[in-house]
Amino acid sequence: MLSTSEENYLKAIYKIGQMNAGHPVLTNTISAELGTTAASVTDMVKKLADKKFLTHEKYYGVILSKEGQKTALDLLRRHRLWETFLHNNLGFGWEEVHELAEQLEHIQSKKLTDRLDAFLGHPKFDPHGDPIPNEQGSFTYRNQITLNSIQEVGKKLIMIAVKNQDVDFLKYLNNIQLKPGAVLEIISIGEYDRSYKIRINQKEETVLTFEVAHEIIIKP
């Protein structure tokens, strides 16, 4: 059985690898992601390599083994299912669920995970719009782009996810009623700063900076 720390490393390596199109993950990148020292990462990588959860070549990077990837996907599945349960069934805000799910994801009970999945109706996405892997580790993919890639004024769009899941950022989106499922209409786009004036759910109007628009994921 893996320790909580070992599981956290595997999940972090998997997520970084996904963002890097599957390329080897550098130990410095792992250190930055987990907020730990390079020496600690080196020690943990060696330990996980000895257990056959990953391979590591000096100056090249880390790649998860088949078992390491499966473990990371199991963790990701549990994490996003717990986020969904906390948000949908216990009334926690989407800005609150991550830290709680970080604790709950380490409950290593397949029966509990499968029953939670069934209880929730086998959800495909969590409250932030991230895909939830199924029991086989497969995701439901969909076409999606960031809001700042749209240049057509008057266009009506549906928000489906958010890239930045920082607590303060999610609280900011709460304040302007901007969450997955919201219908956005682009009223104007600033020529100078490329800011977006939008109408949300045919009601409130607000202005988003180009940087904020880059964090909002919509259907194309």
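Numbers given to residues run from 1 along each chain, matching the order in which its sequence is written. It should be noted that, the model being predicted, local features are given only for residues of pLDDT at least 70 and side-chain atom pairs only at 80 or more, the latter also being counted only at that level, while totals for whole chains, interfaces and linings use all residues. Note that the side-chain values use all heavy atoms of the structure and ignore hydrogens as well as water.

**Re the domain arrangement of the chain**
Here the limits of each domain have been adopted from an automatic or database domain assignment. The domain architecture assigned to the chain consists of domain 1 (4-64), domain 2 (74-141) and domain 3 (147-219). Computed over C-alpha atoms only, the centres of domain 1 and domain 2 are separated by 23 Å. Contacts are assigned to residue pairs that have any heavy atoms within 4.5 Å of one another. Tallying the contact residues gives six residues for domain 1 and nine residues for domain 2. Buried surface at the junction of domain 1 and domain 2, both sides included, amounts to about 660 Å², of which 50% is carbon and sulfur. Buried area: the accessible surface (1.4 Å probe) lost by two parts on joining, summed over both. Contact with domain 2 buries area across many residues of domain 1, yet Glu-7, Lys-11 and Tyr-14 alone supply 71% of it, more than any other trio. One speaks of a salt bridge when a side-chain nitrogen belonging to Lys or Arg is within 4 Å of a carboxyl oxygen belonging to Asp or Glu. Run the count over domain 1 and domain 2 and you get three salt bridges. Note that Glu-102 and Lys-11 form a salt bridge whose closest N and O atoms lie 2.6 Å from each other. Definition of a polar contact: a pair of N or O atoms within 3.5 Å, with one able to donate and the other able to accept a hydrogen when the atoms are protein atoms, and with sequence-neighbouring residues admitted only if both atoms are side-chain atoms. The interface formed by domain 1 and domain 2 holds five residue pairs in polar contact (both at pLDDT 80 or more) in total.

**Looking at the sheet that holds strand β4 (residues 156-162)**
Strand pairing is defined by DSSP finding a minimum of two bridges between the two strands. Helical segments are the DSSP runs of H or I of at least four residues, strand segments are the runs of E of at least two, and each set is numbered from the N terminus. Reading across the sheet, the six strands line up as β3-β8-β4-β5-β6-β7 and stay open at both edges, with antiparallel pairing between neighbours. Single-partner strands in this sheet number two, and they are β3 (145-146) and β7 (204-208). Summarising the sheet, strand β5 (residues 183-189) and strand β6 (residues 196-200) pair through five bridges and their orientation is antiparallel. The residue of β6 that forms the bridge with Ile-189 is Tyr-196. All axes are obtained by fitting lines to C-alpha atoms, using only the stretch in contact for helices, and the reported angles, taken between N-to-C directions, cover 0 to 180 degrees. Those strands touched by helix α7 (residues 167-175) are β4, β7 and β8 (216-218), and its axis lies near 150° from that of β4.

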